[in-house]
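Listed below, chain by chain, are the residues.
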Amino acid sequence: MYLDHAATAPVRREVLEAMWPWLTGDFGNPSSTHEVGARAAQGLAAARAVVAGALGCRPAEVVFTSGGTESDNTAVKGIALAAPRGRRVLTLPTEHDAVLASCDHLVRHHGFTVDLLPVGSDGRLDPADLAAALTPDTTLVSVAHANNEIGTVQDIPALAAVAHAVGVPLHSDAVQSAPWLPVGLDVLGADAVSVSGHKLGTPKGIGALAVRRGVPIEPLLHGGGQERGVRSGTEDVAGAVGLARAFELALERRAHAAAVAESARDVLVAGVLDRVPDAVLTGSREHRLPGHASFCLPGTNGETVLLELEQQGILASAGSACAAGSTETSHVLAALGLPEEVARTAVRFTFDEHLGPDGAAAVVDAIAAAVHTVRALAV
């Protein structure tokens, strides 16, 4: 039972079938002027139009990238460096490392100031706190739509409205929310949105950044001027086609999938809080991704619990796959005010609609048994 979709989702067969022709007969470079290149360019243009529809923008506002990390880096560094005002970025201490490391780069190499805004115990940012932090020299606000570790969903439209009231652009990392929620520029009101294909069912290595027309952006990669100069490098046509197909499939099933996953999530959350003494739900219970349940289990070690669960055929994680193997405790959980000894007991279960309430109930049984075993060993 695979419950680590926040790390990566299984590749969808329909996506591979859509990609196959562009890996074989139509393998051309879309910048080439001959027939094979022209067909590749047509395929890329068609894929861009589909992705633009999913991201609520014009095709010319879509930049294909290698994934969420590159999209975040391009947005944060690119918009900040090209901005005509100030050298100050506002973000959250709970952001993905792709955003936080990009901000650190701006501080160390370009003289920026980065301020981390406080979040509540559920990980949410109050729009009033953003309003109070905005100053005339603020260059950019970057707030993830949904957090990968705790599943909390932010009110991006409200935050974007606050930022725009004083002329500041807002970027949102929508890597985790794209499979579940509308993430278009039009819906979120953001100026840039990052997405990653492998959370939607593509092979790893393809992503996109939607950047609103008129927002200046400095490219990170220089060369042939592909992607309208924002991201040089020969485009991954097959990957772009796969991303387009993955978005089509997500849009077709999103409402039903979210409803089923929410019911499973609620069974899982309620069951763990009822069956496991002292269990703590991390993140917001109300404003949460449908297929996401995360906990701290005091009196255990999160990794040990996960090993026990794996013996029962359940695969989950302790948090971000990008930080796996690190000896540091989660910066996200620290930002929520959780003590280090509690943060080390974190576990995360992320899934699609195929889990269902019955499957969630079985997972609750397995978690309760695993925690009992681990706590008994610690006595």
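Our subject is the structure listed above.
Student: Teacher, can you tell me more about the layout of surface pockets here?
Tutor: Empty space among the atoms becomes visible once a probe the size of a water molecule is rolled across them. Considered as a void within the structure, the second largest pocket measures approximately 340 Å³ in volume. Lining the second largest pocket are 22 residues, and of these His5, Ala9, Lys199, Arg253 and Asp352 sit closest to its centre. Broken down by class, the residue content of the lining of the second largest pocket amounts to ten nonpolar, seven polar and five charged.

Student: Explain helix 4 (residues 97-110) to me, please; I cannot follow it from the model alone.
Tutor: The α-helix advances 3.6 residues per turn, and as a result positions three or four apart in sequence lie on the same side. Along its 14 residues, helix 4 runs 19 Å from first to last C-alpha, staying within 8% of the 20 Å computed at 1.5 Å per residue. Of all the residues in helix 4, the buried ones are Ala98, Val99, Ser102, Cys103 and Leu106. Taken down its axis, helix 4 places every buried residue within 135° of arc, on the same side. Residues of helix 4 that are buried sit in contact with helix 3 (68-82), strand 2 (88-91), strand 3 (113-116), strand 4 (138-142) and strand 5 (170-173). One or two steps after helix 4, the chain reaches Gly111, where phi turns positive at roughly 75°.

Student: How should I be thinking about the side chain of Ser71 in this particular structure?
Tutor: Relative to the elements of secondary structure, Ser71 occurs in helix 3. With relative accessibility at 0%, the residue Ser71 sits in the buried group. Sequence-distant contacts of Ser71, that is, excluding residues within four places in its chain, are made with Thr65, Ser194, Val195, Gly207, Ala208 and Leu209.

Student: Teacher, can you tell me more about the environment of Ser172 here?
Tutor: Following the sequence through the fold, Ser172 ends up in strand 5. The exposure class assigned to Ser172 is buried, which follows from its relative accessible area of 0%. Separated by 99 residues in the primary sequence, Ser172 and Gly271 place their C-alpha atoms 32 Å from one another. For Ser172, the residues in contact, after removing those within four places along its chain, are Val143, Ala144, His145, Ile156, Ala192, Val193 and Ser194.

Student: Looking at this model, I keep getting lost on the packing of helix 2 (residues 35-54) against helix 8 (residues 237-275). Mind explaining?
Tutor: A pair of packed helices is captured by two measures, namely the crossing angle of their axes and the spacing between those axes. Interaxial distance between helix 2 and helix 8 falls to 8 Å at its minimum, and their mutual angle equals 35°. Of the two possible hands of crossing, helix 2 and helix 8 adopt the one that is left-handed. Counted together, Ala40, Gly43, Leu44, Ala47, Val50, Val51 and Ala54 of helix 2 and Val237, Ala240, Val241, Leu243, Ala244, Phe247, Glu248 and Leu251 of helix 8 form the full contact between these two elements. Across the contact of helix 2 with helix 8, the residue classes break down as 13 nonpolar, one polar and one charged.

Student: Where do I start with helix 9 (residues 302-311) in this structure?
Tutor: Of all the residues in helix 9, the buried ones are Gly302, Val305, Leu306 and Leu309. Within helix 9, the buried residues cover an arc of 100° as seen down the axis, which keeps them to one side. Across from the buried face of helix 9, at angles greater than 90 degrees, the exposed residues are Leu307 and Gln311. Elements that come into contact with the buried residues of helix 9 comprise strand 10 (346-350) and helix 12 (356-378). One side-chain oxygen at the N-terminal end of helix 9 lies 2.9 Å from the backbone nitrogen of Glu303; it belongs to Asn301. Phi for Gly313, located one or two positions after helix 9, is positive at around 85°.

About the criteria used
- Counting restarts for each chain: residues are numbered from 1 in the order of the written sequence.
- Since the coordinates come from a predicted model, pLDDT governs what is reported: local features require at least 70, and pairs of side-chain atoms require 80 or more to be given and counted, while whole-chain, interface and lining totals use all residues.
- Side-chain figures throughout are based on the complete set of non-hydrogen atoms in the structure, without hydrogens or water.
- Here a cavity is any set of points on a 1 Å grid over the protein atoms alone where a 1.4 Å probe fits but cannot get out, and a pocket is any open set with protein on both sides within 12 Å along at least 5 of 7 lines; a residue lines the site when it has an atom within 4 Å of a point.
- Grid points are joined across faces, edges and corners, and a volume is the space filled by probe spheres set on the points.
- Each residue receives one of three labels: charged for Asp, Glu, Lys and Arg, nonpolar for Ala, Val, Leu, Ile, Met, Phe, Trp, Tyr, Cys and Pro, and polar for the others, Gly being one of them.
- Labels follow the DSSP assignment, with helices taken as runs of H or I lasting at least four residues and strands as runs of E lasting at least two, numbered in each case from the N terminus.
- Expected span of a helix: the number of residues minus one, times 1.5 Å.
- Burial classes follow relative accessibility: with a 1.4 Å probe on protein chains only, a residue under 20% of its type's maximum area counts as buried, one over 50% as exposed, and anything between as partly exposed.
- Throughout, the arc means the angular range of directions from the helix axis out to the C-beta atoms.
- A contact between two residues is defined here by any heavy atoms of the two lying within 4.5 Å.
- Note on geometry: axes are lines fitted to C-alpha atoms, helical ones only across the stretch in contact, with angles between N-to-C directions running from 0 to 180 degrees.
- Crossings are assigned a handedness: left-handed for a near helix turned anticlockwise from the far helix by less than a right angle, right-handed for a clockwise turn.
- The definition of a polar contact used here is a pair of N or O atoms within 3.5 Å, where within protein one atom must be able to donate a hydrogen and the other to accept one, and adjacent residues in sequence count solely through side-chain atom pairs.

These figures come from the coordinates and say nothing about function on their own.
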